[in-house]
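Residue-level structural notes
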Amino acid sequence: MGPVETAVRSDVEELGDLVGVEPSLSQMAYRLAREIDNASMASCEACGEEIPAPENAKTLPQVNRELRQTLAQLLKGRAADDDDDLGDLASVLKHV
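Here's a quick rundown of the structure. (Residues numbered from 1 in each chain as written. Predicted model: local features only at pLDDT ≥ 70, side-chain atom pairs only at ≥ 80, totals over all residues. Heavy atoms only, no water.)

This next bit is on helix α1 (residues 3–14). In this model α1 runs 17 Å from its N-terminal to its C-terminal C-alpha over 12 residues, within 8% of the 16 Å that 1.5 Å per residue would give. Considered for burial, the residues of α1 that qualify are E5, V8 and V12. Along the long axis of α1, the arc covered by the buried residues comes to 65°, so they all point the same way. Projecting away from the buried face of α1 at angles above 90 degrees are the exposed residues P3, E13 and E14. Directly beyond the C-terminal end of α1, a positive phi value near 85° is found at G16. (Helix = DSSP H or I, 4+ residues; strand = E, 2+ residues; numbered from the N terminus. Expected span 1.5 Å × (residues − 1). Buried < 20%, exposed > 50% of the residue type's maximum accessible area, 1.4 Å probe, protein only. Arc of directions from axis to C-beta.)

Turning our eyes to something else, we now look at the nonpolar core. Formed by V8, V12, L15, L25, A29, Y30, L32, A33, I36, V63, L67 and L74, the largest nonpolar core amounts to 12 residues. Secondary structure elements with two or more residues in this core: α1, α2 (22–40) and α3 (60–94). Considering each element in turn, this core owes the most residues, 6 residues, to α2. Aside from chain neighbours lying at most four places away, what touches V63 is L32, E35 and I36. (Core = buried A, V, L, I, M, F, W, Y, C linked by side-chain atoms within 4.5 Å. Contact = heavy atoms within 4.5 Å.)

If you trace the backbone, D37 turns up in helix α2. There is no salt bridge for the buried D37, and the closest opposite charge comes from R34, which lies 7.3 Å off by N-O distance. Of note is the side chain of D37, whose polar atom sits 3.0 Å from the backbone nitrogen of V4. Filtering out sequence-adjacent residues up to four positions away, D37 remains in contact with G2, P3, V4 and E5. (Lys, Arg positive; Asp, Glu negative; His and termini not counted. Salt bridge = Lys/Arg side-chain N within 4 Å of Asp/Glu carboxyl O. Polar contact = N/O pair within 3.5 Å; in protein donor to acceptor, adjacent residues only side chain to side chain.)

What follows concerns the side chain of E22. Counting through the fold element by element, E22 comes out in helix α2. When its relative accessible area of 8% is taken as the criterion, E22 is described as buried. Within the structure, E22 has its side chain in polar contact with the backbone nitrogen of V19 (distance 2.8 Å). Once residues lying within four places of it in the same chain are set aside, the contact partners of E22 are D17, L74 and R78.

Okay, structure coming up:
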């Protein structure tokens, strides 16, 4: 597991229990993160060491955008839940 996938998995884990489409979105995020990790490095044919993979440079920005959009969609529902909690408190205080 590379550094991007490790970070994404840690971020998703912090969300706690996943509901609705969140499990699917998280799996998409893991896969995209893995693609970014794999696209950034390749193995040298002569020595086998990892080297930058210039042939993947063209697709890396697109995969990166897709990962950002997937993570944003995953977090979108969470932000609404936080606002709703505050909205309920405001309505209760109006009636006091």
